[in-house]
Each structure stands twice: as C-alpha cells, then as structure tokens.
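# Tertiary structure, described
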Amino acid sequence: MYYRLQEYCRLVAGARRGAIYNLQTGKVLSINQGALQLLLACQQSPLEDVLDIRAPEDKTFVDFLHRLTEMGLGSFYLDKPAAGRAPAPAAEPSKLNFLWLELTSSCNNKCLHCYATSGPCADSDAVPHDRWLSLISEARAAGAGAIQLIGGEPLLYPRWRELVEKARAENFEFIEIFTNATLIDDDCVAFCKRHGVNIATTIYADNAAVHDRVTLNPGSFAKTMAAVDKILAAKIPLRIASIIMKANEHEVKNIMDLCARLGVEVTPPDVVRPTGRGDDKDLLPAAYVKPPIRPPFYTDPETFDKAQRCHTCLDGKIAVTAGGDVIPCIFARSEICGNILASSLADVLNGQRLQQCWRTTKDQVEKCKDCEYRYACTDCRPLAQGSDSAKRWLACSVDCPYNPYTGKWEE
C-alpha cells in the first residue's frame, strides 16, 4: 500500500514544521515535524516500510493520513502510483514588463521622507531627452507593456509630453504619471485624457495643515486637491497613495475616508520606507503600523511556481534614475545594475546583476529560507534591506513575527 498527496498539493519543509500547499483551493496547511517526516517518507517508500497500520503506537499517524484523505489532500493506493509530476522546465531569463522613468530629481515639494531625496535644489539630471526617447523604444522591444513617469516631479521635466507621445506611439498598454499634482492645469488634464494616460498622486492628510507639513510646501494641499477635482471630472483613472510617518500618523482614517468620498480605491496607507530622506528613525510613526505577516496564507499555481524561481514583486521591473542608473525598484537605490548612458538597455537587462536581483527568492533570504510559508508569503526586499543595520540585500523581513526554528508565532 502507498500514500501520496494529490497532484495539486505541494509539500514544503521548514526548519521545525512543514506545510501542504493546496494549489486547487489556494490554502496552505501547517503541519508539525512528525507529519512532515511521515509524508516525506511516504513519497519514497511503501506505507508498510514507513509504519505498521495495525500497531497502536502508529495509530496517530494513520489517523492523520485518513484526515488528509477526508480533506481531499491525499489518497491511499494499493499499487505504486505512476511517477509524479515531470520536472519543471529550466527557467528562462526573466524579461522586462514594467519600468519607472525618473525624469528629473527636481521637485517643487521637499517632502520629509522622499526616497529619492528630491527637492527644488536637486540637480542630478544627466539623461538627454533623446536617450529617454530611445530608451522607451528599447523597453517596448524588450517586452515592457507598462511605464510610469515619475521624478522628482515629472511635470517639471520640460518635454514630458513628448515622452508620453512616444510611449503611446510604441503601443505601451499602460502609461501612468506619478505626480504631486500641484502643477496640473486644464491643458495637462486635456493632454492626459487625449492620450489615455493614468494619473497617480500622493495625499498625506485631508487637510492643508498636516499635508503641507509633510511636503514643506505651503499651499501644496490646495493645489493637489484642485487637480484631483479636475482629473476626476475628466474621468481620467486616478490612483491616490499615502505614506504614514510621525507627522501624519493620526490621519490614516481621514485619508481613507477622503479617498472613499472621492470615489477612488481605498487602501491602507503604507509606512515610510527607510530609503533616502525616509531613512530616519525620527520620522517613524509612534503608533501606526501595518498589520504584520500572519496566517492564513494563500497562493495559486502560478504564484507558487514563480516564488521558487524569482522574486514575485521585483521580477521584470526596473527603475531608471535621472542620472541613468538602472535599479530593480525605486526604493532599491543602492542596487545599481547598470547605466543607460553607458550601455544599451538590452545589455543591462541581460546582465548578471539585474538577473540576480530578479531571481532573488525566499530560498536565499535569511530566516525565510528555513520557513515553510516561504512560497506563499509576500516580500519587500528594499524594505528589508533598508531596515537592516548592515543594509544587506538578503536580510529577513522586519514585519514577520514567525520563528521557523521554533515553529511559533511571537507577539
């Protein structure tokens, strides 16, 4: 007699416990070390070689297998089952699908937490306009279907409209401008409407006193909200983000209520990232925290497969700074993978440094590599790196209270 998990189940071992991933329902079931070792043995040997189904001392294990069967996770077989799944084909190199273009480091706001250290006096712009244009073509040829123009403040880049027109001519499926919206006027709204451009902006409060305290730009809240009204009136897709720090941590509900009144998607604000000017412990909110990583965990076949071969967030993304540096995320400022002023985009994309970033998996990350939940858990490498005192790329996530070496969730 044999016992096997169903074809849609995957067994993942951790340091102290294991997990059964049900790719049919998406649920992840935690199991103890004894159950893990039992199932691992059943994968290799007949049941009779693993335990005595009539022995009282093995009754607990037999009952466990019956419970798995009742849950639709496994089955008993009289004859040895056919060979399991064929080995997965070798992973192909990751391909570009999204890019941020930081058109300028200049910004009329001076936000306390800016990850790019942008401001009115910033002057690190080095990419000629023609190189931005050719880069858009190269990105599209490499497979990118989505592009976001950011800064600094992208509307301070004098010829930003030409870049939008170029992206539209190259048939990018998604074009977005992330702006503080203080410079948006009727002509800008009409242009974005005409070219199918989405707009994203950031609001730090539902009032000028707090919002302007974060931007250090008096009058910025009034200008941003006036622009929001124009954008919504034109029925241009609008996304509103928010970052919480000490200066605005009491505005969380107000921000979410404001988004609801405006009719845009309501999402919990993020906490300031430890990058750029945001890498300052004095900026951290005293009370507000995003919910820590906790079960239940869910996944699907595509995500489970992807989590074993590449980073589920970083894969296929790049940001290009105003100085031409290519980094895997706008928050990963130190992970420079090339420069588009010295290399073609294709050379950077195929380079070892970027491919290594894209292929970072939880199997490489400190602590996470020994966790049974690693293929179902989210991960932000720049946040983990920025929060680590040594700024290590493979540092463990700071918002996970699980200890895979004890199998316990810590308070």
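Residues numbered from 1 in each chain as written. Predicted model: local features only at pLDDT ≥ 70, side-chain atom pairs only at ≥ 80, totals over all residues. Heavy atoms only, no water.

Per an unreviewed UniProt entry, the protein chain goes by the name Radical SAM protein and belongs to Anaeroselena agilis.

## Considering the pattern of salt bridges
For the record, the criterion: Any Lys or Arg side-chain nitrogen found within 4 Å of a carboxyl oxygen on Asp or Glu counts as a salt bridge.
Going through the model one piece at a time under the given rule, you end up with 17 salt bridges. Residue aspartate 270 pairs with arginine 273 through a salt bridge whose shortest N-O separation is 2.6 Å. When salt bridges with common partners are traced through the structure, they connect Glu366, Asp388 and Arg392 into a single cluster.

## Some points on the packing of aromatic side chains
Filter applied, for reference: Classification of ring pairs uses Phe, Tyr and Trp, with its six-membered ring standing for Trp, and accepts pairs whose centres are within 6.5 Å; under 30 degrees between planes counts as stacked, over 60 as edge-to-face, and the remaining range as tilted. Burial classes follow relative accessibility: with a 1.4 Å probe on protein chains only, a residue under 20% of its type's maximum area counts as buried, one over 50% as exposed, and anything between as partly exposed. Numbering of helices and strands runs from the N terminus; a helix is a DSSP stretch of H or I covering at least four residues, while a strand is a stretch of E covering at least two.
Per the counting criterion, the structure on display carries 11 aromatic pairs. Where phenylalanine 98 meets tryptophan 100, the ring centres are 4.9 Å apart and the plane angle is 90 degrees; that geometry is what we call edge-to-face. Comparing phenylalanine 98 with tryptophan 100, the two get one shared label, buried. Aromatic side chains tyrosine 373 and tyrosine 402 sit 5.4 Å apart centroid to centroid with 65 degrees between the ring planes, which places their arrangement in the edge-to-face category. Linking tyrosine 373 in the loop between α12 (352-358) and α13 (381-387) with tyrosine 402 in strand β15 (residues 402-403), this pair joins segments that are 29 residues apart in sequence. Both residues of the pair, tyrosine 373 and tyrosine 402, belong to the buried class.

## A short note on the packing of helix α7 (residues 208-215) against helix α8 (residues 220-233)
Quick reminder of the rule: Axis definition: a line fitted to C-alpha atoms, over the contacting stretch in the case of helices. Angles run 0 to 180 degrees between N-to-C directions. If an angle is under 35 degrees, it is roughly parallel; if it is over 145, roughly antiparallel; if it lies from 65 to 115, roughly perpendicular; otherwise it is oblique. Note on definitions: a residue-residue contact is assigned when non-hydrogen atoms from the two residues lie within 4.5 Å. In the scheme used here, Gly and all other residues not listed as nonpolar or charged are polar, with Ala, Val, Leu, Ile, Met, Phe, Trp, Tyr, Cys and Pro taken as nonpolar and Asp, Glu, Lys and Arg as charged.
Across the interface, α7 lies against α8 with an axial gap of 8 Å and an inter-helix angle of 105 degrees. Of the possible angle classes, the one that applies to α7 and α8 is roughly perpendicular. Here Ala208, His211, Asp212 and Thr215 of α7 lie close against α8, whose contacting residues are Ser220, Phe221 and Thr224. Partitioned by chemical class, the residues of the contact of α7 with α8 number two nonpolar, four polar and one charged.

## A look at the packing of helix α1 (residues 33-44) against helix α3 (residues 59-70)
Their axes nearest at 11 Å, the elements α1 and α3 cross at an angle of 75 degrees. When the axes of α1 and α3 are compared, the pair comes out roughly perpendicular. Along its contact with α1, which presents Gly34, Ala35, Leu38 and Leu39, the element α3 presents Phe61, Phe64, Leu65 and Leu68.

## Section: the UniProt feature "domain: Radical SAM core" (unreviewed entry) in the protein chain
The test is simple: UniProt positions are given in the numbering used here, feature names are shortened, and annotations may be inferred rather than shown by experiment.
UniProt's entry tags residues 93-317 with the feature "domain: Radical SAM core" (unreviewed entry), counted in the numbering of this structure. Along residues 93-317, the helical share is 33% and the strand share 13%, with 13 Å between the first and last C-alpha atoms.

## Looking at the environment of arginine 359
Among the secondary structure elements, arginine 359 is positioned in the loop between α12 and α13. Residue class for arginine 359 comes out partly exposed when judged on its relative accessible area of 37%. Sequence spacing of arginine 359 and isoleucine 327 is 32 residues, and the spatial spacing of their C-alpha atoms is 14 Å. Not counting chain neighbours up to four residues away, the residues in contact with arginine 359 comprise Glu92, Pro93, Arg309, Cys310, His311 and Gln364.

## Section: the environment of valine 365
Along the chain, valine 365 turns up in the loop between α12 and α13. Every residue in contact with valine 365, bar those within four places of it in the chain, is listed here: Arg381, Leu394, Ala395 and Cys396.

## Describing the nonpolar core
Heads up, the rule is: In these notes, a set of buried Ala, Val, Leu, Ile, Met, Phe, Trp, Tyr and Cys residues joined through side-chain atoms within 4.5 Å is what counts as a nonpolar core.
Ranked by size, the top nonpolar core spans 66 residues in total, and within it Leu101, Trp132, Ile147, Trp160, Phe172, Ile184 and Ile318 carry the most contacts. Broken down by element, the residue count for this core peaks at five residues, all from α8. With residues up to four places along the chain from it excluded, the contact list for tryptophan 132 reads Leu101, Glu102, Leu103, Val127, Tyr157, Leu163, Val320, Thr321 and Ala322.

## A word on α3
Think of an α-helix as turning once every 3.6 residues; residues three or four places apart then point the same way. Definition in use: Take the residue count of a helix, subtract one, and multiply by 1.5 Å to get its expected span. Working definition: the arc comes from the directions between the helix axis and the C-beta atoms, pointing outward to the latter.
Taking 1.5 Å of rise per residue, the 12 residues of α3 would be expected to cover 16 Å, and the 16 Å separating its terminal C-alpha atoms lies within 8% of that figure. Inspection of α3 places Val62, Phe64, Leu65 and Leu68 among the buried residues, and these make up the whole buried set. Down the axis, α3 shows its buried residues gathered within 155 degrees of arc, on one side only. Turned more than 90 degrees away from the buried face of α3 sit Lys59, Thr60 and Glu70, all of them exposed. At the exit of α3 stands glycine 72, carrying a positive phi of roughly 80 degrees.

## What to know about the side chain of arginine 374
Quick reminder of the rule: N or O atoms within 3.5 Å of each other form a polar contact, as long as, within protein, one can give a hydrogen and the other can take it, and as long as residues adjacent in sequence are counted only when both atoms are side-chain atoms.
With respect to the helices and strands, arginine 374 occurs in the loop between α12 and α13. Reaching out from arginine 374, the side chain makes a polar contact with the backbone oxygen of alanine 13 at a distance of 2.9 Å. A distance of 2.8 Å separates a polar atom in the side chain of arginine 374 from a polar atom in the side chain of aspartate 363. The residues contacting arginine 374, other than those within four sequence positions of it, are Val12, Ala13, Tyr21, Lys362, Asp363, Cys368 and Lys369.

## A short note on the sheet that holds strand β2 (residues 9-13)
Hydrogen bonds between backbone groups are what pair the strands of a sheet, and the pairing can be parallel or antiparallel. Short version of the rule: Here, a strand pair is defined by DSSP locating no fewer than two bridges between the strands.
Taken together, three strands build an open sheet; the order of strands is β2-β3-β4 and the sheet is antiparallel. The open sheet terminates on both sides in strands that have one partner only, identified here as β2 and β4 (28-31). Across the sheet, the mean angle separating the axes of adjacent strands is 20 degrees when strand polarity is ignored. Here β2 runs beside strand β3 (residues 18-22); their pairing, made up of five bridges, is antiparallel. Bridging across to β3, leucine 11 finds its partner in isoleucine 20. Against the sheet, α1 touches β2, β3 and β4, its axis set at about 120 degrees to β2.

## Some remarks on the sheet that holds strand β8 (residues 174-178)
Strand order in this open sheet of seven strands is β10-β9-β8-β7-β6-β13-β14, and the pairing throughout is mixed. If you trace the sheet from one side to the other, it starts and ends with β10 (238-241) and β14 (326-327), each paired once. As paired elements, strand β9 (residues 198-202) and β10 share four bridges and run parallel to each other. Bridge assignment links threonine 202 to a residue of β10, and that residue is alanine 241.

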